[in-house]
2 protein chains.
Amino acid sequence: MEALADYFKVFSEPNRLAVLDALRGGALNVTAVVERTGLSQALVSKHLKLLTIAGVVRRRPEGSLVFYEVIDKNVFRLIQQADKLLLATRRQQLDALVAIL
Amino acid sequence: MEALADYFKVFSEPNRLAVLDALRGGALNVTAVVERTGLSQALVSKHLKLLTIAGVVRRRPEGSLVFYEVIDKNVFRLIQQADKLLLATRRQQLDALVAIL
DNA sequence: CATCGACATAACGACAGTGTGATAGTACAT
DNA sequence: ATGTACTATCACACTGTCGTTATGTCGATG
């Protein structure tokens, strides 16, 4: 249960989700991720390291560049499912609000 | 993207997952959740409040008791999918380790 | 080998979240 | 009314995480 919570924690950070989103199309090197996200280089490196340790992302040095890529694309399914649930929740919250007014 | 991260954050806490798990069978009052989880009453109240604000759980006072219940049971699907992904990840990490040795 | 670009890491300050113990509020029974 | 269970909230200390700045490292290239 603890491990699962830690896994959820991986996705509980906006910038980390942005980094993941940048990798949606396939492998990218760090600089490319920096450009796509607009985050600082140090910050991107940090998040990529976290994602690597978490086993979500694979690190592949190539010459002087380092490419990162999502290992199991099902993480995008997970993210999508969470997003869907979130929308349903928001809708239900609105309904509940309207019922009061 | 921020909102989605916040939604993931809801599930990124072991005790909160335990509270949710206690509610798997249906509505329970606070004391029942306390008993099932072994957490302190104050802590359970806090987590239940969070879950309520997040729209995951519904609060229903009944006499002197307050029952809580999961609104959309799909959250359990989400949790299960995350757990499945986590397992796959662990397996792949082991494989990668073996490949090195 | 000197340098330059790409990436990683360290150190730090700031802030958010967690758990606890104490206390307050609330319905119910006696 | 008073006491008793149930639930909520407060104040606090503690910890963990985030982002930044600065610096370190490594490979490629001249």
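Preceding block: the structure.
From a predicted model like this one, the values you see are computed outputs, not experimental measurements.

Engineer: Outline the protein's contact with DNA strand D, listing residues and values.
Structural biologist: In the vicinity of DNA strand D, 23 residues are found, and the nearest of them are A:Asn15, A:Arg16, B:Thr31, B:Arg59 and B:Tyr68. A distance of 2.9 Å separates a base oxygen of DNA strand D from a polar atom in the side chain of A:Lys46. Contact between DNA strand D and A:His47: a phosphate oxygen at 3.0 Å from a side-chain N or O atom of the residue. Sorting the residues of the surface near DNA strand D by element identifies α2 (14-22) and α4 (41-53) of chain A together with α3 (30-37), α4 (41-53) and β3 (65-70) of chain B as the ones contributing at least two each. When residues in the surface near DNA strand D are grouped by element, the largest group, five residues, is from α4(B). Here the residues of the surface near DNA strand D are counted per class, giving seven nonpolar, 10 polar and six charged.

Engineer: Give a detailed account of the nonpolar core, specifying residues and quantitative values.
Structural biologist: The biggest cluster of nonpolar side chains holds 64 residues, and the ones touching the most others in it are A:Tyr7, A:Phe11, A:Val56, B:Tyr7, B:Phe11 and B:Val56. In contact with B:Val56, other than residues within four places in its own chain, are B:Tyr7, B:Val10, B:Phe11, B:Leu20, B:Leu51, B:Glu69, B:Val70, B:Ile71, B:Asp72 and B:Val75.

Engineer: Talk me through the relation of the copies chain A and chain B; I want residue IDs and the actual numbers.
Structural biologist: Overlay of chain A on chain B (RMSD 0.0 Å): rotation 180°, translation along the axis 0.0 Å. Look at the turn and shift together and you get a two-fold axis relating the two. When the interface residues of chain A are mapped onto chain B, 100% of them are again interface residues, pointing to one common binding face.

Engineer: Please set out the pairing of strand β3 (residues 65-70) of chain A residue by residue, giving values where relevant.
Structural biologist: Residue and element names in this part refer to chain A. Taken together, the two bridges between strand β1 (residues 28-29) and β3 define a ladder with antiparallel strand orientation. The residue bridging Asn-29 from the neighbouring strand is Phe-67, located in β3. Pairing between strand β2 (residues 57-62) and β3: six bridges, direction antiparallel. Paired with Arg-60 across the strands is Phe-67, a residue of β3. Two successive antiparallel strands, β2 and β3, enclose a turn made up of two residues, where Gly-63 displays a positive phi of approximately 65°.

About the criteria used
- Residues numbered from 1 in each chain as written.
- Chains lettered and ligands numbered in written order.
- Predicted model: local features only at pLDDT ≥ 70, side-chain atom pairs only at ≥ 80, totals over all residues.
- Heavy atoms only, no water.
- Near = heavy atom within 4 Å.
- Polar contact = N/O pair within 3.5 Å; in protein donor to acceptor, adjacent residues only side chain to side chain.
- Helix = DSSP H or I, 4+ residues; strand = E, 2+ residues; numbered from the N terminus.
- Nonpolar A, V, L, I, M, F, W, Y, C, P; charged D, E, K, R; others polar.
- Core = buried A, V, L, I, M, F, W, Y, C linked by side-chain atoms within 4.5 Å.
- Buried < 20%, exposed > 50% of the residue type's maximum accessible area, 1.4 Å probe, protein only.
- Contact = heavy atoms within 4.5 Å.
- Least-squares fit on C-alpha atoms with pLDDT ≥ 70 in both.
- Pairing = 2+ DSSP bridges.

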